[in-house]
Amino acid sequence: MPRPIFLYKADPVRGAEWAECFERKAPELEFRQWPLDAEAERVRYLAAWEPPQDLARFPRLELVFSVGAGIDQFDFARVPPHLPVLRMVEPGIVDGMVEYATLAVLALHRDWPAYREQQRDRRWEAHRVRTAASRRVGVLGLGMLGRAVLDKLRGFGFPCAGWSRSAHTIDGVDCYAGPDALPAFLARTDILVCLLPLTAATRGILDARLFAALPSGAALVNCGRGGHLVQDDLLAALDDGRLSAAVLDVCDPEPPAPGHPFWHHPRIVLTPHIASMTQPGTAVDAVLDNIRRHRAGLALTGVVERQRGY
Ligand code: NDP
Ligand code: OXD
């Protein structure tokens, strides 16, 4: 009896690691990497960064996994409505984001971009060291990643707040919800971290209006998506001192064009979309757990609500 196929369509190097995990943990499934030329009727599960055009080729497909936590790159028009799409909910991606966001917030808190600029100019000048208790951190997005980041940052003594669509209660975090609460959240935020999904409602949210609602000299970390940011508004806010610095892990497009000001702006730290990555070992555990749940008729983890876009 031929085994059901789990088809993987993403980075082939990490795919080889997925294959090794499947061999050990799920020998009842046959792991195959894209492209698949024959035996399409044996494909039951698909994992992809972007789904293929022709999903109708796989008549027995049961579940579609995104290999990313973010889902905006997924063209849902390609996925028949009856098929559940599951985004990546796994501890490896959370740990990576907690590290990156902590690094970025601490760098901004301790004036790292300014000291790098001073070193380049051979300037030895100390600035007053501020306490964490006097630096207010705010995170846009209180989902899997935003909550984990706040949990870590709270430990340093930063006064922490978060903003989301629906109301949340989190120990030690001032929670704000909905557009009406956004100005109050921004007014109390010295370092703003964006961990929102990119949807119709959040595209371009990091704009001049939002920057004007932050205290003067606030700093930005964007770990969400490049489409959240209005680039010219950021450059203007840095130039007029409204914002002191920005750490950007994402950009639209990626990479920015060779002459783009983000490459050489002294107050921008730019990294190539590496804040976090799905880790094959833990990702395969999460995927297999969902497959077992599906077989047992249990609720699935990370189901994307297509209407709301995340
Ligand atoms: P979740 O879906 O778990 O959480 C999303 C959060 O954003 C929720 O709290 C949600 O509110 C809130 N939200 C969504 N829409 C709005 C809105 N219109 N107004 C206010 N709040 C809103 O996502 P994750 O935490 O797992 O991931 C967040 C994003 O991080 C991803 O979508 C992706 O873009 C990015 N990412 C970036 C990576 C990188 O390497 N740079 C790596 C991985 C992810 P509510 O709680 O009410 O639903
Ligand atoms: C993700 C990402 O969404 O890597 O997982 O950006």
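Small disclaimer: the values here were computed from a predicted structure and weren't measured.

I would appreciate a short explanation of the domain arrangement of the protein chain in the present structure.
It is common to report an interface's size as the accessible area lost on association of the parts. Domain boundaries in the protein chain define domain 1 (5–90 + 278–296) and domain 2 (93–270). On the side of domain 2, five residues touch domain 1, which itself brings 10 residues to the contact. Buried surface at the junction of domain 1 and domain 2, both sides included, amounts to about 630 Å², of which 54% is carbon and sulfur. If you sort the residues of domain 1 by the area they bury against domain 2, Ala69, Asp72 and Glu90 come out on top, with a joint share of 60%.

What exactly am I supposed to notice about the packing of helix 2 (residues 91–109) against helix 4 (residues 144–154) here?
The description of two helices packed together rests on the angle between their axes and the distance between the axes. Remark: helix 2 packs on helix 4, axes separated minimally by 9 Å, with the N-to-C direction vectors making an angle of 50°. Classified by the interaxial angle, the pair formed by helix 2 and helix 4 is oblique. Here helix 2 runs over helix 4; the crossing is right-handed. On the side of helix 2, the interface is formed by Ile93, Val94, Met97, Val98, Ala101, Thr102 and Val105, while helix 4 contributes Met144, Leu145, Ala148, Val149, Lys152 and Leu153. Residue classes in the contact of helix 2 with helix 4 are distributed as 11 nonpolar, one polar and one charged.

Just to check I follow, could you spell out the sheet that holds strand 10 (residues 218–222) for this structure?
Sheet strands associate in pairs through backbone hydrogen bonding, adopting either a parallel or an antiparallel arrangement. What the seven strands build is an open sheet, ordered 8-7-6-9-10-11-12; its pairing is parallel. Either end of the sheet is taken by a strand with one partner, and the two such strands are strand 8 (173–177) and strand 12 (268–270). The mean inter-strand angle of the sheet, taken between neighbouring strand axes irrespective of direction, is 15°. In this sheet, strand 7 (residues 160–164) lies alongside strand 6 (residues 137–140) in parallel orientation, the contact comprising four bridges. Looking at strand 7, one finds that leucine 140 is bridged to tryptophan 163. Packing of helix 7 (residues 231–239) onto the sheet brings it into contact with strand 10, strand 11 (243–248) and strand 12, and relative to strand 11 it is tilted by some 140°.

Got a minute to help me understand the packing of helix 1 (residues 12–25) against helix 8 (residues 280–296) in this structure?
As a packed pair, helix 1 and helix 8 sit with axes 9 Å apart at the nearest point and diverge in direction by 50°. With respect to their mutual orientation, helix 1 and helix 8 come out oblique. With respect to the hand of their crossing, helix 1 and helix 8 are arranged in right-handed fashion. Two secondary-structure elements touch here, helix 1 through Arg14, Glu17, Trp18, Cys21, Phe22 and Lys25 and helix 8 through Pro280, Gly281, Ala283, Val284, Asp285, Val287, Leu288 and Arg292.

Would you mind showing me how to read the packing of aromatic side chains here?
Aromatic ring pairs: the centre-centre distance and the angle between the two ring planes describe each pair. Applying the stated criterion across every chain, the model contains 11 aromatic pairs. Taken together, a centroid distance of 6.3 Å and an interplanar angle of 35° make the contact between phenylalanine 6 and tryptophan 18 tilted. Highlighted residues: phenylalanine 6 in strand 1 (residues 5–9) and tryptophan 18 in helix 1, separated in sequence by 12 residues. Here phenylalanine 6 falls in the buried class, since its relative accessible area comes to 0%. Since its relative accessible area comes to 2%, tryptophan 18 is described here as buried. The interplanar angle of 45° and the centroid separation of 6.1 Å between the aromatic rings of phenylalanine 156 and phenylalanine 158 together place this pair among those described as tilted.

Looking at this structure, how should I read the state of the cysteines?
By definition, a disulfide is the covalent link that joins the sulfur atoms of two cysteine residues. In total, this model carries zero disulfides according to the counting rule given. Distance from the sulfur of cysteine 223, which forms no disulfide, to the nearest cysteine sulfur (cysteine 194) is 8.1 Å. By relative accessible area, which is 6% here, cysteine 223 ends up buried.

Procedures and definitions
- Residues numbered from 1 in each chain as written.
- Chains lettered and ligands numbered in written order.
- Predicted model: local features only at pLDDT ≥ 70, side-chain atom pairs only at ≥ 80, totals over all residues.
- Heavy atoms only, no water.
- Domains from an automatic or database assignment.
- Contact = heavy atoms within 4.5 Å.
- Buried area = accessible area lost by both parts, 1.4 Å probe.
- Axes fitted to C-alpha atoms, helices over the stretch in contact; angles between N-to-C directions.
- Helix = DSSP H or I, 4+ residues; strand = E, 2+ residues; numbered from the N terminus.
- Parallel < 35°, antiparallel > 145°, perpendicular 65-115°, else oblique.
- Left-handed = near helix turned anticlockwise from the far one by under 90°.
- Nonpolar A, V, L, I, M, F, W, Y, C, P; charged D, E, K, R; others polar.
- Pairing = 2+ DSSP bridges.
- Phe/Tyr/Trp six-rings, centres within 6.5 Å; stacked < 30°, edge-to-face > 60°.
- Buried < 20%, exposed > 50% of the residue type's maximum accessible area, 1.4 Å probe, protein only.
- Disulfide = S-S within 2.5 Å.

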